Amino acid sequence: QVQLVESGGGLVQPGGSLTLSCASSGNIFGFNVRGWYRQAPGKQRELVATVSTGGSTTYAESVKGRFTISRDNAKNTVYLQMNSLKPEDTAVYYCLLRFPTIDRDYWGQGTQVTVSS
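Residues numbered from 1 in each chain as written. Predicted model: local features only at pLDDT ≥ 70, side-chain atom pairs only at ≥ 80, totals over all residues. Heavy atoms only, no water.

1. Let's talk about the packing of aromatic side chains
Thinking step 1. The tally for this structure, following the rule as stated, stands at two aromatic pairs.
Thinking step 2. A centroid spacing of 5.2 Å and a plane angle of 75° characterise the contact between Tyr 37 and Trp 107, whose relative ring orientation is edge-to-face. One end of the pair, Tyr 37, is in strand S4 (residues 33–39); the other, Trp 107, is in strand S10 (residues 104–107), and 70 residues separate them in sequence.
Thinking step 3. The exposure class of Tyr 37 is buried, given its relative accessible area of 16%.
Thinking step 4. Seen in terms of ring centroids, Phe 99 and Tyr 106 are 6.2 Å apart; in terms of plane orientation they differ by 90°. Their pairing is edge-to-face. (Phe/Tyr/Trp six-rings, centres within 6.5 Å; stacked < 30°, edge-to-face > 60°. Helix = DSSP H or I, 4+ residues; strand = E, 2+ residues; numbered from the N terminus. Buried < 20%, exposed > 50% of the residue type's maximum accessible area, 1.4 Å probe, protein only.)

Pasting the structure below:
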């Protein structure tokens, strides 16, 4: 059974920084994609960033240049470094582990990020 545990959310002022972490455990083998999604109140869950086993990354246009996704395969952990945070970045951030070859997704429980003065 795969489990994902997020950490690092909290309250930060506009212009500040936060780093989210998502540690995974369980049966994790083969090609996979790690990612972060977010969901603001009243809005649909949206992609923030993804990184594949080989290191290829994708970013939402709204976070390009401000957020950096990375992964440590030895630790089965993915990170999201968030800089120059804006109030519109406020949301619950969810960690994703995707196995594209078997069409299976695993989600974390979510961590709240609030950007406010």
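That covers the picture; the talk isn't over yet.
2. A closer look at the sheet that holds strand S1 (residues 3–7)
Pairing between the strands of a sheet is mediated by backbone hydrogen bonds and can be parallel or antiparallel.
Thinking step 1. Pairing is antiparallel in the open sheet, where four strands are placed in the order S1-S3-S8-S7. A single partner strand is all that each edge strand has here, and the edge strands are S1 and strand S7 (67–72). Pairs of neighbouring strands in the sheet enclose a mean axial angle of 15°, with direction left out of account.
Thinking step 2. In this sheet, strand S8 (residues 77–82) lies alongside strand S3 (residues 18–25) in antiparallel orientation, the contact comprising six bridges. In the strand pairing of S8, Thr 19 is matched with Gln 81. (Pairing = 2+ DSSP bridges. Axes fitted to C-alpha atoms, helices over the stretch in contact; angles between N-to-C directions.)

3. A short note on the state of the cysteines
Thinking step 1. The full count for this structure, using the stated rule, is one disulfide.
Thinking step 2. Between Cys 22 and Cys 95 runs a disulfide, and the two sulfur atoms are separated by 2.0 Å. Given an S-S torsion of about -85°, the disulfide between Cys 22 and Cys 95 has left-handed geometry. Separated by 73 residues along the polypeptide, Cys 22 in strand S3 and Cys 95 in strand S9 (residues 91–99) bring together distant segments of the chain. For the pair Cys 22 and Cys 95, one class covers both residues: buried. (Disulfide = S-S within 2.5 Å.)

4. Examining the pairing of strand S11 (residues 111–115)
Moving residue by residue along a regular strand, the side chains alternate between the two faces of the sheet.
Thinking step 1. Side chains Thr 111, Val 113 and Val 115 project from S11 onto a buried face, and the interleaved Gln 112 and Thr 114 project onto a face without burial.
Thinking step 2. Alignment of strand S2 (residues 10–12) against S11, held across three bridges, turns out to be parallel. Looking at S11, one finds that Val 12 is bridged to Val 115.
Thinking step 3. Looking at chain direction, S9 and S11 are connected through three bridges and run antiparallel. Within the sheet, the bridge partner assigned to Ala 91 lies in S11 and is Val 113.

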